[in-house]
Amino acid sequence: MKIAMLTSGGDCQGLNATMRGVAKTLYNEIDDLTIYGITDGYKGLIEGNYRKLKKEDFSGILTLGGTILGTSRQPFKKMQIIEENGVDKVKAMKETYNKLGLDCLVILGGNGTHKTANLLSCEGLNVITLPKTIDNDLWGTDVTFGFHSAIDVATEVIDRIHTTATSHGRIFVIEIMGHKAGWLTLYSGIAGGADIILIPEIPYDINKIKCEIEKRTAENKGFSIIAVAEGAISVEESKMSKKEFKQSRSEMKQSSIAYRLADEIAEITNHEVRVAVPGHVQRGGAPNPYDRVLCTRFGSYAAGLITEKRFGNMVGLKNGETVAVPLNEVAGKLKNVPADDQAVMAARKVGISFGD
Ligand code: F6P
């Protein structure tokens, strides 16, 4: 059997652990196995950059952050467009697949990656995918790998900010990653005891934030922790068209939402405000134990799908069980935080404000 693996899009904790799960299971079950590693995601598949991997390549990588294969972002919307260099990307990817004589291509990635994976599957390639992203926004799985490790990092940031914010009686705005989904901010915000959590799914009203800070001041709580998702939007912005929103954000003088909020809060309250942006730290380093287990389960389940020839599926977790989800159901769908999510409801009940 010949398979190839590729990691695509932004990296996260657990990519290597997942590939190890696939490879170790297959090596244990199949005698004649060749595994190729495609370099830098779809870019390597297009350009024919790959290397033959050895069994030893999958040892010692359970805890290793990043990806041993390298990754890159190759936007789906450009996949079927022939650009100036004249390369037909879809054709080129199929050629690499056929040249290697693959039985299956294993793709680890997030939302954009899954659209291309589905396209390749529709083009007749045998594809199995695995859900990677700290954003946890992939439809079809309750959880993606990387998410829980990122929660650990973001929570530690909030914990550390908490002590200095308390000492100085300051307001801190902490910007958490997550693209257009609020999962990471919601979970790390609750875990870190944030006073206000702002997520894209619940547009905020700056006056409500002011009221919340004033309420805390009246209770002799001189500091406040605001966990804001990088994709958070105000109520006014939620009413804008896509074009108007883009225009208004391009005119924003601050470099990100956290800095804009900090300026606004400093203007309307008498507090000192500081900003903390942990950024890519959130997806760097080793996967946590939860992710190591999840990646091992996902990887070994993916190996089972390969041996059973159940191609065209993403591996997911549903109610604690590993499952196969058809790629055409996953591609192009986002999993956002529902307004009535139990974690949101519990947070509200303990007094966390969502700025709404
Ligand atoms: O999708 C993962 C993610 O880390 C998002 O949370 C973030 O918006 C984005 O990637 C950052 O992308 P890049 O690594 O290209 O800066």
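The coordinates are above.
This section reports on the structure supplied with the text. (Residues numbered from 1 in each chain as written. Predicted model: local features only at pLDDT ≥ 70, side-chain atom pairs only at ≥ 80, totals over all residues. Heavy atoms only, no water.)

## So, the layout of surface pockets
Threshold: Using a 1 Å grid laid over the protein atoms alone, points where a 1.4 Å probe fits but cannot get out form a cavity; open sets with protein on both sides within 12 Å along at least 5 of 7 lines form a pocket; any residue with an atom within 4 Å of a point counts as lining. Grid points are joined across faces, edges and corners, and a volume is the space filled by probe spheres set on the points. Secondary structure elements are taken from DSSP: a helix is a run of H or I of four residues or more, a strand is a run of E of two residues or more, and numbering for both begins at the N terminus. In this classification, Asp, Glu, Lys and Arg are treated as charged, Ala, Val, Leu, Ile, Met, Phe, Trp, Tyr, Cys and Pro as nonpolar, and every other residue, Gly included, as polar.
Roughly 1,500 Å³ of internal volume is contained in the largest pocket. Along the walls of the largest pocket sit 43 residues, with D135, D137, H179, K180 and L334 positioned nearest its centre. Residue contributions to the lining of the largest pocket peak at five residues, all from helix α4 (residues 111-122). Classifying every residue of the lining of the largest pocket by side-chain character gives 11 nonpolar, 17 polar and 15 charged.

## Examining the pattern of salt bridges
As a reminder, the rule being used: Throughout this description, the term salt bridge denotes a Lys or Arg side-chain nitrogen within 4 Å of a carboxyl oxygen of Asp or Glu. Remark: exposure states derive from per-residue accessible area (1.4 Å probe, protein chains only) relative to the maximum for the residue type, with buried under 20%, exposed over 50%, and partly exposed in between.
On inspection of all chains with the given rule, the structure shows 18 salt bridges. The residue R310 makes a salt bridge to E308 at a minimum N-O spacing of 3.2 Å. Among the residues examined, R310 registers a relative accessible area of 36% and is labelled partly exposed. Exposure remark for E308: the relative accessible area of 48% places this residue in the partly exposed category. Through salt bridges with shared partners, one network takes in E237, R249, R260 and E264.

## Brief notes about α4
Note the following rule: In this scheme, a helix's expected span is set at 1.5 Å multiplied by one less than its residue total. When checking whether two residues touch, look at their non-hydrogen atoms; a contact exists if any pair is within 4.5 Å.
Taking 1.5 Å of rise per residue, the 12 residues of α4 would be expected to cover 16 Å, and the 17 Å separating its terminal C-alpha atoms lies within 8% of that figure. Within the span of α4, buried status applies to N111, T113, H114, T116, A117, N118, L119 and L120. The inward-facing, buried residues of α4 abut α2 (42-47), α3 (89-100), β4 (104-109), β5 (127-131), β10 (313-318) and α12 (327-330). Just downstream of α4 lies G124, where phi reads positive at about 100°.

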